[in-house]
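Residues per chain are reported as follows:
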Amino acid sequence: MKADPAVQRRLLDLAEVDADLARLEHRRRTLPEITEIAAAEQAARAKRDAQVAVATQLDDLDREVKRQEKEIDQVRARVERDDKLLQSGTVAAKQMTDLEHEIDTLHRRQAALEDDLLELMERREALEMDAQHSEAELAKAEAAVTDATSRRDQAFADIESQEAKANATRKAMLPAFPEQLLALYNRVREHKGTGAALLRSRRCGACRLELDRVVISQIKAAPADEVVRCEECGAILIRTAESGL
C-alpha cells in the first residue's frame, strides 16, 4: 500500500487523539470513586441492617413492656377487688384469712412484675441509645455514598466533555486520509491498540521493540510513499529523521 509521506505522518496525530480517547476510557473504568462507592454502599447496607436489627429489638421489647404492664394492671385490679371484698364486712372469718393471704401474694407478685418492668425499661433506654447511634452511623454512611457518587458523576462529566472534543477533532481529521489507509489503521488499532507509531532510533513506538538490521534495511530501501509496518505488532511505522535509517 502506498500513501503520501505527509499523509502518513498525520497518522501520528490521529494516533495521539486515539490514545487520548483510550486513556479517557481507561480512566472511566478505573475511577477510584467507583471502588469507593462500592465500599460505601456495602458499609451503608451493613449500617442499615444494624438499624433494622435494633428496631426489631425495640419492637420486641415494646411488646414485652405492654404485656408486663397489662399483667401488672390485672394484679392491681385483683388486689383492689379483694380489698373491697375484705372491707365490705360480708365475708366469713376463714374467707377473710384466705383473702388476706391472696392479697399478700398479689402484692409480692406485683412487686416482682414492677421490678421486671423497670429492668425492661432500662433495657429499652439502652436500645434507644443504640437506635440513635445506628441512625447517625447510617446517615454518615449514606452521606459517604452520596459524596462519592457526586464526585464520580463530576468525573464522568469531565471525561465526556474531553471525549466529545477528542471525537470532534478525530472526525475533522479523517477526510485527510485515503480510505484504504484509514481502514488499515483502524483494523490494526482495534486488534493491537495502536494503529500507527513513530519509528524512532530503529525502535517501534507502539511495541517499543528494536527492529533487527534486516528489517531496518528493508524499511530503509522502501520508497517514501510505501506504507511499512512493524513485524512484531503490526503498527504502521511512520518514518522521519528520528527513525535512524
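Being a predicted model, the structure only gives us computed values, none of them experimental. (Residues numbered from 1 in each chain as written. Predicted model: local features only at pLDDT ≥ 70, side-chain atom pairs only at ≥ 80, totals over all residues. Heavy atoms only, no water.)

Enquirer: Give me the overall build of the protein: which residues, what numbers.
Expert: The helix and strand tally for the protein stands at 5 helices and 4 strands. Scaling as 2.2 N^0.38, a compact globule of 245 residues should have a C-alpha radius of gyration of about 18 Å, whereas the protein reaches 42 Å, well beyond that. Viewed in the frame of its principal axes, the protein has a C-alpha envelope of about 135 × 35 × 25 Å. Looking at the protein as a whole, 31% of its 245 residues are labelled buried. Contacts in the protein between residues at least 24 apart in sequence constitute 76% of all its contacts with a sequence separation of at least 6. On the protein, roughly 15,500 Å² of surface is accessible, and the fraction owed to carbon and sulfur atoms is 50%. For the protein, the distance from the average site of its 40 positive side-chain charges to the average site of its 49 negative ones is 11 Å. (Helix = DSSP H or I, 4+ residues; strand = E, 2+ residues; numbered from the N terminus. Rg over C-alpha atoms; globule rule 2.2 N^0.38 Å. Buried < 20%, exposed > 50% of the residue type's maximum accessible area, 1.4 Å probe, protein only. Contact = heavy atoms within 4.5 Å. Areas by Shrake-Rupley, 256 points an atom, 1.4 Å probe, with all protein chains shown as cover. Lys, Arg positive; Asp, Glu negative; His and termini not counted. Charge placed at Lys NZ, Arg CZ, Asp CG, Glu CD.)

Enquirer: Tell me what's going on with the pattern of salt bridges, and back it up with residues and numbers.
Expert: The tally for this structure, following the rule as stated, stands at 30 salt bridges. When the shortest N-O distance is used, the salt bridge between Arg124 and Glu128 registers 2.6 Å. Of this pair, Arg124 and Glu128 are both found in helix H3 (residues 93–173), 4 residues apart, which corresponds to roughly one turn of the helix. A relative accessible area of 28% places Glu128 in the partly exposed class. (Salt bridge = Lys/Arg side-chain N within 4 Å of Asp/Glu carboxyl O.)

Enquirer: Hey, could you go over the confidence of the model for the protein for me, with residue numbers and the actual values?
Expert: With 100% of its residues at a pLDDT of 70 or more, the protein shows a mean pLDDT of 93. Predicted confidence in the protein is weakest over helix H5 (residues 213–221), with a mean pLDDT of 91, and strongest over helix H1 (residues 5–29), with 96. (pLDDT = per-residue confidence, 0-100.)

Enquirer: Give a description of the sheet that holds strand E4 (residues 236–239) that names residues and reports values.
Expert: Taken in spatial order, the 4 strands line up as E2-E1-E4-E3 in an open sheet, and their pairing is mixed. Looking at strand neighbours, the two that pair on one side only are strand E2 (203–204) and strand E3 (228–229), the edges of this open sheet. Direction of pairing for strand E1 (residues 196–200) relative to E2: antiparallel, over a ladder of 2 bridges. By the bridge assignment for E2, Arg200 is matched with Arg203. (Pairing = 2+ DSSP bridges.)

Enquirer: Explain the packing of H1 against helix H4 (residues 179–192) to me, using residue names and the numbers behind them.
Expert: At a minimum axis distance of 12 Å, the contact between H1 and H4 shows a crossing angle of 35 degrees. Judged by the twist between their axes, the crossing of H1 over H4 is right-handed. Of the residues in H4, those touching H1 at Val7, Leu11, Leu14, Ala15 and Asp18 are Leu181, Leu182, Tyr185 and Arg189. Residue composition of the contact of H1 with H4, grouped by class: 7 nonpolar, no polar and 2 charged. (Axes fitted to C-alpha atoms, helices over the stretch in contact; angles between N-to-C directions. Left-handed = near helix turned anticlockwise from the far one by under 90°. Nonpolar A, V, L, I, M, F, W, Y, C, P; charged D, E, K, R; others polar.)

Enquirer: Explain the packing of aromatic side chains residue by residue, including any values.
Expert: Under the defined criterion, the tally for this structure stands at 0 aromatic pairs. Geometry around Phe156 places Arg28 over its ring, the cationic atom sitting 6.0 Å from the centre. (Phe/Tyr/Trp six-rings, centres within 6.5 Å; stacked < 30°, edge-to-face > 60°. Lys NZ or Arg CZ within 6 Å of the ring centre and 35° of its normal.)

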